[in-house]
Amino acid sequence: MSTTMNRALPDGLPVPAQDGLAKPYWDGTRQGKLVIQKCRDCGKYQWGPEWICHRCHSFDLAWEEVAPRGRIWSWQRPHHPVHPALNGHTPYTIVLVELPDADNVRMVGNLLCTPDTPVTIGAAVEAIFEPHDEAEPPYTLVQWRVREE
């Protein structure tokens, strides 16, 4: 687990809702932890958050901390801002990260790199927890960085 004070995203983006179903995820990020759902009946992890297990349809789901590392499954590099706050901050790199320690579920996030950095499918990455303490309410984003193996 790593944290960083340098922020990859500019101010002015929408603040993620930190209530309801995803509250345990956002609470975990504030503590520098990556937490996702795990079914208590079939024992499988899942992402994104749901009220019901994707596999066995049980309603008995828990939130568990998982290793904040994975592998790049896919990626893209947007060149057009999808929000006005991103004007002047493109291109950036988005990755789909597979979590091998959590049933290979996949999460989307930003890859911390320069716009011309080559991206390799299968590259090992680690989570970086990017705090936005001045936002109301404060939140922490999970970003990804290529790690040395």
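Source: prediction; values computed, not measured. Every chain is numbered independently, its residues counted from 1 as its sequence is written. Confidence filtering applies because this is a predicted model: local features only for residues at pLDDT of at least 70, side-chain atom pairs given and counted only at 80 or more, and all residues used for totals across whole chains, interfaces and linings. Computation of side-chain values: all heavy atoms of the structure, hydrogens and water removed.

Participant: Break down the side chain of Q143 for me, with residues and values.
Facilitator: A run of H or I in DSSP counts as a helix once it spans at least four residues, and a run of E counts as a strand once it spans at least two, with each numbered from the N terminus. Looking at where Q143 falls in the secondary structure, it is placed in strand 9 (residues 139-146). Relative accessible area serves as the criterion here: at 1%, Q143 is assigned to the buried category. At a separation of 3.1 Å, a polar atom in the side chain of Q143 contacts the side chain of N110. When residues no more than four places from it in sequence are discounted, the contact partners of Q143 are A8, L9, N110, L112, E126, A127, I128 and E130. When accessible area is computed with a 1.4 Å probe and restricted to protein chains, residues below 20% of their type maximum are described as buried, those above 50% as exposed, and intermediate ones as partly exposed. Throughout this description, a polar contact denotes any pair of N or O atoms lying within 3.5 Å of each other; where both atoms belong to protein, one of them has to be capable of donating a hydrogen while the other can accept it, and for residues adjacent in sequence the pair is counted only when both atoms sit in side chains. By definition, residues are in contact when any of their heavy atoms lie within 4.5 Å.

Participant: How would you explain the packing of aromatic side chains if you had to name every residue and give the values?
Facilitator: The relation between two aromatic rings is expressed through the spacing of the ring centres and the mutual angle of the planes. Stacked, tilted and edge-to-face pairs are distinguished by plane angle, under 30 degrees for stacked and over 60 for edge-to-face with tilted covering the rest, among Phe, Tyr and Trp rings (Trp via its six-membered ring) whose centres lie within 6.5 Å. On inspection of all chains with the given rule, the structure shows 2 aromatic pairs. When the ring of Y25 is compared with that of W26, the centres are 5.0 Å apart and the planes differ by 80 degrees; the resulting orientation is edge-to-face. When the centroid spacing of 4.8 Å and the interplanar angle of 45 degrees are considered together, the rings of Y25 and W47 count as tilted. Of the two residues, Y25 is situated in helix 1 (residues 23-30) and W47 in the loop between strand 3 (45-46) and strand 4 (61-66); the sequence distance between them amounts to 22 residues. The partly exposed category is assigned to W47, whose relative accessible area is 24%. Within the aromatic cluster, the residues linked to one another by ring pairs are Y25, W26 and W47. A ring is scored as having a charge over it whenever the NZ atom of a lysine or the CZ atom of an arginine sits within 6 Å of its centre and within 35 degrees of its normal. When the ring centre of W73 is taken as reference, the NZ or CZ atom of R106 above it lies at 3.6 Å.

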